Structure formats: structure tokens, C-alpha cells
Amino acid sequence: MSDDTQSLVLHARAGDRGAFARLVELHWGRLVRFARSIVGEAEAEDAVQEALLVAWRKLAGLTDLASFGGWVGRITYRRCLRRAGRLRHLLPLDVASPPAVLPVSDGEILIWQVLRRLAPRQRAVLHLTIVEEMSDSEIGALLGITPASVRSHRRRGRDRLRQVLGGHKS
Amino acid sequence: MSDQVHDSKLDVFEGALRAWGRREAPTSPRQAASMVLAQVAAPRPVFPVLRLAAVVALVLVVGLLAFLAGPPAEPPSAEVAGLASQPLGDGVVQFWLNPETPVVFVLSPMGSKSGGLP
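Residues numbered from 1 in each chain as written. Chains lettered and ligands numbered in written order. Predicted model: local features only at pLDDT ≥ 70, side-chain atom pairs only at ≥ 80, totals over all residues. Heavy atoms only, no water.

Q: Break down helix α2 (residues 17–39) of chain A for me, with residues and values.
A: Residues and elements named next belong to chain A. Here α2 spans only 28 Å end to end across 23 residues, well under the 33 Å set by a 1.5 Å rise per residue. Roughly 50° is the biggest bend found in α2, and it falls at His27. Looking at where α2 begins, the residue whose side-chain oxygen comes 2.9 Å from the main-chain nitrogen of Gly18 is Asp16. Taken from the residues just after α2, Gly40 is the one with a positive phi, measuring 90°. (Helix = DSSP H or I, 4+ residues; strand = E, 2+ residues; numbered from the N terminus. Expected span 1.5 Å × (residues − 1). Bend = angle between axes of the 7 residues up to and from the residue. Polar contact = N/O pair within 3.5 Å; in protein donor to acceptor, adjacent residues only side chain to side chain.)

Right, here's the structure in full:
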């Protein structure tokens, strides 16, 4: 898989659009899942498309071919942070204001309604921890922060979740 | 007690988040690749054309500047220099269109012999 990716990156860097298309196919699902947790369903695919176009333009600058997955993940993360910043100003007041108590039951949880009350960085860390089951050092490498910062974002994210889910004052 | 309640809610939420977060993307990878490729610029025949256009534009600008600067100044020919230093006779008016081109008028009464260079 890694050799495959390296070879595809090498060809894509030389202008082979077919090779880049294959890279998109390989990484699309993971990137959209990641983006969905940061910017929500409606924005996720657009954010990933933007990120992939940036990746195509900057591919010549990628020196470590094997790191393509993390590199494009980081570009996606940055695009999502930018979008999340814009979206924050568009939230209706009842959603933007803290903390509403939401009912949590097995079948009926509006995940995104809860997630959007967290900071985008906290959403990213929680996604990579819970959904992708990555280690702190892997998450840190992807987001460009230290493992200690990963733990800090996760702890604050969980505190905020407790607050939102139960009206708990932390 | 209260924290335990909240942590159980948190556990339920994280379980739901795991399932929610692992759903497939609405657009299939193959479709996505087509959509992305449609927006990716075609590989580069544009660049040599632009470079050629830039060179042509540069040549035109240099040519235009050289044209506007005019030909290098040359000393007037000996004939013209002699003409310029010659004293003018009565009724002769001389002016210069440019350093090479004198215009001479000889003013004479009506009916007299026509003029010429004094």
C-alpha cells in the first residue's frame, strides 16, 4: 500500500492525472469522514475537494512521498479550520449560545448538533481518537501539534461534551 | 454520582460518534476522483505559450522604445553646414525644418526675376 502510494505520488508529481485520481480514490473516504467531524456533513465534501486541489498544486513540494496521507490530511484539516471559522459567524443564536441540555438516547442523537458546540480543534482530536483510533503521537503529527497538546484538546473537548450533554458546570 | 451520570452519557455519545463518524461519504471515491480531476488544470502546454508571449511582448516593447528614442544624432553634411554658415542676402528668409532641412524664401518685388538661393 505504501509503495503503491509512493509510486502514485511520484507519477502524479510528474503531471500524471490518472495517478492523482487513484490517490483521490484511496484517500477520499478517510478525508471526508475527518472533515465531517470538523465542519459537518453539508460542508465536508467541498472542504475535501478544496484540499485535494491544493494538494495537486503543491505536490511538487512534497519531499517524503510516503507521507502523502498525513500531508493531505493536514491540508484538509487547515481548510476545515478555515471553513469552521466562517461557519461560526453563521450559526443561529440558539445554537451558538452555550450550553443547551440535549437528550441523549440510543437511537436519537443529533451528533453534529452536539459536536458543533466544541472548538474545531477539539472535534478534530476527538474524531481521530474515537473514530480513527489513532495514538496521541499520530494525531499530533497529523495536526502539527505535540502529543501533550493533543491530550489537552481531548480533555477540554470531553469537559465541554459533559457540559453540553448534561448541563454540567465544569 | 453526578459525574458518573455524565460520564455514562459521554460513553453513549462517544459510541454514537464512532458509528456516525465511520459512515461512508455520500459521493463514491470514483465519482470524487472525476470531480476533482475536472477541476485540476490540464498539464501545462499553457506555460511555453505564455513564455513565448512574454518574449514577444518584451521584443515589441524594446523595439518601440528604440523607435521613440529616434536615430542617433549625426553631424550635418558638409553641404548643409556650408549653407548654414553662409550670410543671407537682402530679402532672404531662411528657417530650418530640422538640422538637415533648410527652407529658403527669397522675397522680391512683383514682376522681378524669380528668386533662388542667394
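Here the narrative resumes, following the displayed structure.
Q: Pulling in residues and values, what's your account of the pairing of strand β1 (residues 92–98) of chain B?
A: Residues and elements named next belong to chain B. Examined bridge by bridge, β1 and strand β2 (residues 101–106) share six bridges and lie antiparallel to one another. Residue pairing for β2: Trp96 is matched across the bridge by Pro102. The hairpin turn running from β1 into β2, its antiparallel successor, is two residues long. (Pairing = 2+ DSSP bridges.)

Q: Could you give an account of the side chain of His153(A), with specific residues and numbers?
A: Residue and element names in this part refer to chain A. Take His153: it is sitting in helix α9 (residues 147–166). Judged by relative accessible area, which is 14%, His153 ranks as buried. Excluding residues that lie within four positions of it along the chain, His153 makes contacts with Arg121, Gln122, Val125 and Ile145. (Buried < 20%, exposed > 50% of the residue type's maximum accessible area, 1.4 Å probe, protein only. Contact = heavy atoms within 4.5 Å.)

Q: Now, about the packing of aromatic side chains: what can you tell me, with residues and values included?
A: A complete count under the given rule lists three aromatic pairs over all chains for this structure. With a centroid separation of 5.9 Å and an interplanar angle of 50°, the aromatic rings of Phe68(A) and Trp71(A) are classed as tilted. Taken together, the residues span about one helical turn, with Phe68(A) and Trp71(A) both in helix α4 (residues 68–88) at a distance of three residues. Looking at Phe68(A), the relative accessible area reads 1%, which means it is buried. The ring centre of Trp20(B) lies 5.8 Å from the NZ or CZ of Arg36(A), which sits over that ring. (Phe/Tyr/Trp six-rings, centres within 6.5 Å; stacked < 30°, edge-to-face > 60°. Lys NZ or Arg CZ within 6 Å of the ring centre and 35° of its normal.)

Q: Let's hear about the interface of chain A and chain B: which residues, and what values?
A: Contacts between the two partners involve 34 residues from chain A, matched on the other side by 32 residues from chain B. Summed over the three residues of chain A that lose the most area to chain B, namely Arg17(A), Ile111(A) and Ile130(A), the buried surface amounts to 18% of that side. Residues Arg22(B) and Glu133(A) are paired through a salt bridge, measuring 3.3 Å at the closest nitrogen-oxygen approach. Where chain A touches chain B, the interface holds ten residue pairs in polar contact (both at pLDDT 80 or more). Where the side of chain A that touches chain B is concerned, the elements lending two or more residues are α2, α3 (41–58), α6 (111–115), α7 (120–131) and α9 of chain A. Ranked by the residues each element gives to the side of chain A that touches chain B, the list is headed by α2(A), at ten residues. Counted by class, the side of chain A that touches chain B contains 18 nonpolar, six polar and ten charged residues. (Buried area = accessible area lost by both parts, 1.4 Å probe. Salt bridge = Lys/Arg side-chain N within 4 Å of Asp/Glu carboxyl O. Nonpolar A, V, L, I, M, F, W, Y, C, P; charged D, E, K, R; others polar.)

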